[in-house]
Amino acid sequence: MTHAIQNGGKVCQRIPGSGIEQAVAGLLLDELTPLAVEAALKVTDRLASQAAEADRLRSTHLQRAQHRADLAKRRYLAVDPDNRLVADSLEADWNAALREVAAARKDIERARAEAEPVNEALREKLACLAGDVHRLWHDPGTPMRERKRIARLLITDVTLTKAERITAQVRLSGGRHHTFDLPLPLGGGKLWQTPKPIVAAIDTLLEDHTDAEIAGILNQRGLTSGKGLPFHRLLVRDIRQDYQLTSRFDRLRDRGLLTAHELAELLGVSVPTVWKWHRAGLLEGEKYNDKNACLYPHPGPNPPRVQQGVRLDHRRPATTTSK
């Protein structure tokens, strides 16, 4: 499948196996406890027998190779040295036979080094745990290959059908049939989606808070993103944009708040003066982003005016009103 994806080929059908594996394992543990232990013991014995037979076959192959090498050696030593053409041919046959012997011996050594001997301690453990397959199956000391051999011995076949859901039909060696109806697992993107309650909380918090403030509030509540990560300003911004939530700027504008330029024109002053009056508390304002940019409510019937010689901290703030 990877090759098809990388090279633009046709991708065959794929069925995720984690849910199926859990369901089948649960079946074996819940319904076939005595049979599973007995099967594990049989598999262990079969493994020992197969290993011994394989080693015998390799040894036989080595003996035959050695016999052919000895025969080639005798033929080479018996040839007339003056007959160089025949001698060269027999020498080549002898060298080939020796290489075959070396390869056969190396194969035996490699197989014996890689082969894991039957664990007698594990076999005794299986016999002692005849009434506790759950512990046997989940024991970290039980190799995965043993679990697979148990499953292969107990299960005749598994038929999978993928449509809106996954149907798994399991046929056991004893003739019993079981059918599982499993949901299709969610893809990575859906698994990482922001939970709907968090999206709703962000939508509500946008009425009174900026992205960074919302991230802090969500973290204080112990909430995390779809990937289990803490929130930050950019993540809240991305969620707001992805779910097309109305921005705080637009919400404030819908409530009738004015920009600094609009308020400056209304009061007949410059924009820096509006900012100065806001910092001094003469004008109210509400932040709409994390750079302290503000929108301003209408200053009402008594807005601040330019008053030469009067300190800003000695003047009264405007009484705001809604338009």
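For the structure, see preceding data.
Heads up: these notes are all about the structure in this document. (Residues numbered from 1 in each chain as written. Predicted model: local features only at pLDDT ≥ 70, side-chain atom pairs only at ≥ 80, totals over all residues. Heavy atoms only, no water.)

### Thoughts on the pairing of strand E3 (residues 177–183)
A regular strand places its side chains on the two faces of the sheet in alternate fashion.
Part 1 of the argument: Residue alternation in E3 divides its side chains into a buried set, His 178, Phe 180 and Leu 182, and an unburied set, His 177, Thr 179, Asp 181 and Pro 183.
Part 2 of the argument: Direction of pairing for strand E2 (residues 165–172) relative to E3: antiparallel, over a ladder of seven bridges. In the sheet register, Arg 165 faces E3, and the bridge partner there is Pro 183. (Buried < 20%, exposed > 50% of the residue type's maximum accessible area, 1.4 Å probe, protein only. Helix = DSSP H or I, 4+ residues; strand = E, 2+ residues; numbered from the N terminus. Pairing = 2+ DSSP bridges.)

### Things to note about the nonpolar core
Part 1 of the argument: Ranked by internal contacts, the top residues of the largest apolar core, which has 18 residues, are Leu 28, Trp 137, Ile 155, Val 170, Phe 180 and Leu 182.
Part 2 of the argument: For this core, the secondary structure elements donating two or more residues are helix H2 (18–31), helix H7 (144–154), E2 and E3.
Part 3 of the argument: Looking at this core element by element, the count peaks at seven residues for H2.
Part 4 of the argument: Ignoring anything within four residues of it in the chain, the contact list for Trp 137 reads Ala 25, Leu 28, Leu 29, Arg 147 and Ile 150.
Part 5 of the argument: Counting residues in hydrophobic clusters, the runner-up holds 15 residues, among them Ala 201, Leu 218, Phe 231 and Val 236. (Core = buried A, V, L, I, M, F, W, Y, C linked by side-chain atoms within 4.5 Å. Contact = heavy atoms within 4.5 Å.)

### Remarks on the sheet that holds E2
Part 1 of the argument: Sheet architecture is open: three strands sit in the order E1-E2-E3, paired in antiparallel fashion. Taken across any chain shown, the strands that pair with only one partner, and hence form the sheet edges, are strand E1 (155–162) and E3. Across this sheet, the average inter-strand angle for adjacent strands is 15°, counted without regard to direction.
Part 2 of the argument: Alignment of E1 against E2, held across seven bridges, turns out to be antiparallel. Within E2, the residue paired with Thr 159 across the bridge is Gln 169. (Axes fitted to C-alpha atoms, helices over the stretch in contact; angles between N-to-C directions.)

### Considering unusual backbone geometry
Part 1 of the argument: For Gln 244, which is not a glycine, the phi torsion comes out positive at approximately 55°.
Part 2 of the argument: Inspection of the secondary structure puts Gln 244 in the loop between helix H11 (233–242) and helix H12 (248–254).
Part 3 of the argument: With a relative accessible area of 70%, Gln 244 lands in the exposed category.
Part 4 of the argument: At Asn 292, a position not held by glycine, the phi torsion is positive, near 65°.
Part 5 of the argument: When you line up the elements, Asn 292 lands in the loop between strand E4 (286–287) and strand E5 (294–295).
Part 6 of the argument: Take Asn 292: its relative accessible area is 55%, and that puts it in the exposed class.

### Details of the packing of aromatic side chains
The description of an aromatic ring pair uses the distance of the two centres, along with the angle that the planes make with each other.
Part 1 of the argument: Summed over the entire model, instances satisfying the criterion amount to two aromatic pairs.
Part 2 of the argument: Geometrically, the ring pair formed by Tyr 76 and Trp 94 is tilted, given 5.6 Å between the ring centres and 35° between the ring planes. Of this pair, Tyr 76 sits in helix H3 (residues 33–78) while Trp 94 sits in helix H4 (residues 84–114); the two residues are 18 residues apart in sequence, bridging distant segments of the chain. (Phe/Tyr/Trp six-rings, centres within 6.5 Å; stacked < 30°, edge-to-face > 60°.)

### Describing the packing of helix H9 (residues 196–205) against helix H10 (residues 211–220)
Packed helices, taken two at a time, are described by the angle their axes make and the gap between the axes.
Part 1 of the argument: Following both chains from N to C, one finds H9 and H10 inclined at 135°, their axes separated by 10 Å at the closest point. When the interaxial angle is binned, H9 and H10 end up oblique. As H9 packs across H10, the resulting crossing turns out to be right-handed. Seen from H9, the contacting residues are Ile 198, Ala 201, Ile 202 and Leu 205; seen from H10, they are Ile 214, Ile 217 and Leu 218. (Parallel < 35°, antiparallel > 145°, perpendicular 65-115°, else oblique. Left-handed = near helix turned anticlockwise from the far one by under 90°.)

### Quick word on the packing of H10 against H11
Part 1 of the argument: Remark: H10 packs on H11, axes separated minimally by 8 Å, with the N-to-C direction vectors making an angle of 105°. Classed by the angle they form, the pair H10 and H11 counts as roughly perpendicular. The residues of H11 that touch H10, namely those facing Asp 211, Ala 212, Ile 214 and Ala 215, are Arg 233, Val 236, Arg 237 and Arg 240.
Part 2 of the argument: Here the residues of the contact of H10 with H11 sort into four nonpolar, no polar and four charged. (Nonpolar A, V, L, I, M, F, W, Y, C, P; charged D, E, K, R; others polar.)

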